[in-house]
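# An overview of the molecular structure
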Amino acid sequence: MKKISKKSRKVTSATGRQGGDLKITPLFDRVLIEVSLTDSQMSAGGIIIPETATKEKPEQGKVIAVGEGRVTDNGDIIPPVVKKGDMVIFSKYGPDEIKINDKEYLIVNESQILAILN
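Residues numbered from 1 in each chain as written. Predicted model: local features only at pLDDT ≥ 70, side-chain atom pairs only at ≥ 80, totals over all residues. Heavy atoms only, no water.

Moving on: the pairing of strand β8 (residues 103-109). Inspection of the sheet shows strand β2 (residues 30-35) paired to β8 by five bridges, in the antiparallel sense. Directly across from Ile33, in β8, lies its bridge partner Leu106. (Pairing = 2+ DSSP bridges. Helix = DSSP H or I, 4+ residues; strand = E, 2+ residues; numbered from the N terminus.)

Turning to its location among the elements, Val66 is positioned in strand β3 (residues 60-66). Taking the C-alpha atoms as reference, Val66 lies 8.2 Å from Phe28; in sequence the two are 38 residues apart.

Further remarks concern the pattern of salt bridges. Counted under the stated rule, the structure contains three salt bridges. The shortest N-O distance in the salt bridge between Lys92 and Glu59 comes to 3.3 Å. A residue pair is termed long-range when its members are at least 10 positions apart, and Lys92 in the loop between β6 (87-90) and β7 (96-100) and Glu59 in the loop between α1 (51-54) and β3 qualify at 33 residues. Residue class for Lys92 comes out partly exposed when judged on its relative accessible area of 23%. Judged by its relative accessible area of 32%, Glu59 falls in the partly exposed class. The closest approach of N and O atoms between Lys83 and Asp86, which form a salt bridge, is 3.3 Å. Owing to a relative accessible area of 11%, Asp86 belongs among the buried residues under this scheme. (Salt bridge = Lys/Arg side-chain N within 4 Å of Asp/Glu carboxyl O. Buried < 20%, exposed > 50% of the residue type's maximum accessible area, 1.4 Å probe, protein only.)

Here's what the structure looks like:
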């Protein structure tokens, strides 16, 4: 474990698909996730069904950016297990929804991530 310092923090930042920065960096043990469409959100013919019609919240996505880790009471940092690019399964009801450049993302605490898909 390392001690947290007030100097620069090295964090995996997010970049957009067009190559531009999303200009967002999760803090501490938070993770930015791009939601993946599930089978229940897509018809057999490939038509995307709106979330309001399915009433199911997403549970799977791709990690876009990761904070530097959880800070303990004595100031040590426990590094995150997940990394940028991981496909993860997360708790349905814990994420905070945000919108950046007309695209929806979720920010979750690492403890809300249930598994990494291989």
